[in-house]
Amino acid sequence: KQLYYVDENINKEISYLWETQQNTIDQIGNKFINIDWTNSGKDTLSVVKVNTKTGCKSSATMAIVVYPQPKIDFEVYPLSETEYQFVFCETQRKGYSYLWNIENMQYTEPTVTHEVTGMDNSFVTLSVTDRNGCVATIQKDIDFNRNFIAVPQKFTPISGKYFMPMTNGDLQSYKIEIYNARNEKIWESTDLQNGKPAVGWDGKFRGADLPRGKYMWKISATFNDGTQWKGITHPNGSCTPNGIFILED
């Protein structure tokens, strides 16, 4: 709310009629009003001064520009058992500033990485201020131990070691596929054991070792509570259930 008033001495014979085109006026006295500037865009505020004894009138009009509140939302993506990425997922505009509060730690970038302190749940708050000084705030209760899949970024195929994602929640369905640089599928699995991925890739194709380099994985998975896994966050901020890993010596 914003207060407006006519800077004149009180006169019982004078009344004031206030009007806006798009927003709501709360008259709190003959000369005083509050306005909720909730509808953004161009507006006008006008006041008519009426002498109730003579009927004489005079008026004044003020042009008003109401800036919209920033639209804000964020997503959370696990990177490992203890590390999470928080991503502002609305359009980033020039002049925006960001303030995160995650487990009483503050960050000021649109995308931040946070290592949890061991708490199961925490309220995460994001406030965004635009170049006009308008502030919007959102808060979410984040369960840090629920429904994530961590996928290795590198893999060395030594004896007894396999390329296999890790999840902290039980899965009801799961499929992983691996492709080479020519987009040829070289391995897949849908095997689960007690809700966890049961089979990993050994770095071979038809029993033969594959050359070192970049390979792509794709995963589709649904947790027991019905949540569908969205994927991992890429450097450009997008989230997809696929990515690149490196097969190395």
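Please refer to the structure higher up on the page.
Scoring rules and cut-offs
Residues numbered from 1 in each chain as written. Predicted model: local features only at pLDDT ≥ 70, side-chain atom pairs only at ≥ 80, totals over all residues. Heavy atoms only, no water. Salt bridge = Lys/Arg side-chain N within 4 Å of Asp/Glu carboxyl O. Buried < 20%, exposed > 50% of the residue type's maximum accessible area, 1.4 Å probe, protein only. Phe/Tyr/Trp six-rings, centres within 6.5 Å; stacked < 30°, edge-to-face > 60°. Helix = DSSP H or I, 4+ residues; strand = E, 2+ residues; numbered from the N terminus. Lys NZ or Arg CZ within 6 Å of the ring centre and 35° of its normal. Pairing = 2+ DSSP bridges. Axes fitted to C-alpha atoms, helices over the stretch in contact; angles between N-to-C directions. Core = buried A, V, L, I, M, F, W, Y, C linked by side-chain atoms within 4.5 Å.

What is the right way to read the pattern of salt bridges from this model?
A pair can form between side chains of opposite charge whenever their charged atoms are brought close. All told, the structure shown has eleven salt bridges when counted by the stated rule. Put simply, Asp209 and Lys204 hold a salt bridge, and the shortest N to O gap is 2.5 Å. On the accessibility criterion, Asp209 (55% relative accessible area) is exposed. Within this structure, Lys175, Glu177, Lys185 and Glu188 form a network of salt bridges that share partners.

When you look at the packing of aromatic side chains in this model, what are you seeing that I'm missing?
Two numbers describe a pair of aromatic rings. These are the distance of the centres and the angle of the planes. Scanning all chains against the criterion turns up 15 aromatic pairs. Look at Tyr5 and Phe32: their rings are 5.4 Å apart centre to centre, the planes differ by 25°, and that puts the pair in the stacked class. Of this pair, Tyr5 sits in strand S1 (residues 2-5) while Phe32 is found in strand S4 (residues 32-36), placing the two residues 27 residues apart along the sequence. Ring plane angle 55° and centroid distance 5.9 Å describe the contact between Trp201 and Tyr215, whose orientation is recorded as tilted. In this pair, Trp201 is assigned in the loop between strand S20 (196-197) and strand S21 (204-205) and Tyr215 in strand S23 (residues 213-223), connecting sequence segments 14 residues apart. Each member of the pair, Trp201 together with Tyr215, is buried. Here the aromatic cluster, defined as three or more aromatic residues joined through ring pairs, consists of Phe155, Phe163, Trp201, Tyr215 and Phe245. A cation sits over an aromatic face here: Lys140 above Phe74, 4.7 Å from the ring centre.

Looking at this model, I keep getting lost on the sheet that holds strand S6 (residues 57-66). Mind explaining?
Strands pair in a sheet through their backbones, by hydrogen bonds, and they do so in one of two ways: parallel or antiparallel. On the basis of which strands lie adjacent, the open sheet formed by three strands has the order S2-S5-S6 and antiparallel pairing. The two strands at the open ends of the sheet, each matched to only one other strand, are strand S2 (14-20) and S6. Direction aside, the axes of adjacent strands within the sheet are offset by 15° on average. With ten bridges connecting them, strand S5 (residues 41-51) and S6 associate as antiparallel partners. Of the residues in S6, the one forming a bridge with Ser46 is Thr61.

Explanation requested: the nonpolar core in the structure shown.
Generally speaking, nonpolar side chains in soluble globular proteins are found buried as a group. Ranked by internal contacts, the top residues of the largest apolar core, which has 21 residues, are Phe86 and Trp100. Listed by contribution, the elements that provide at least two residues to this core are strand S8 (83-88), strand S9 (97-102), strand S12 (121-129) and strand S13 (135-143). Core analysis: the second largest hydrophobic core is formed by 20 residues, Trp187, Trp201, Tyr215 and Phe223 among them.

Would you take a moment to explain the sheet that holds S8 for this structure?
Strand order in the open sheet formed by three strands is S7-S8-S11, and the pairing between neighbours is antiparallel. The open sheet has two free edges, formed respectively by strand S7 (74-78) and strand S11 (111-115), since each of these has just one partner strand. Strand-to-strand twist in this sheet, taken as the mean axis angle between neighbours without regard to direction, amounts to 20°. Both S8 and S11 contribute to a ladder of five bridges, which runs antiparallel. Note that in S11 the partner of Phe86 across the bridge is Val112.

I tried to follow unusual backbone geometry on my own but got confused; where do I start?
Across the chain, the bulk of peptide bonds are trans and the bulk of non-glycine residues have phi less than zero. In the Ramachandran plot, Glu103 falls in the positive-phi region, its phi being about 50° despite a non-glycine side chain. Tracing the chain through its elements places Glu103 in the loop between S9 and strand S10 (105-107). The backbone phi angle of Asn104 is positive, close to 65°, even though this residue is not glycine. Residue placement: Asn104 occurs in the loop between S9 and S10. Taking the relative accessible area as the measure of exposure, Asn104 reaches 74% and is therefore exposed.

I'm lost on the pairing of S12 in this one. Help?
Moving residue by residue along a regular strand, the side chains alternate between the two faces of the sheet. As paired strands, S9 and S12 are joined by six bridges and run antiparallel to one another. Each residue of the ladder has a partner; that of Ser97, found in S12, is Thr129. The sheet contact formed by S12 and S13 spans nine bridges and is antiparallel. Bridge pairing in S13 links Thr125 to Gln139. Between S12 and the antiparallel strand that follows it, S13, lie five residues; Gly133 among them carries a positive phi value of about 85°.

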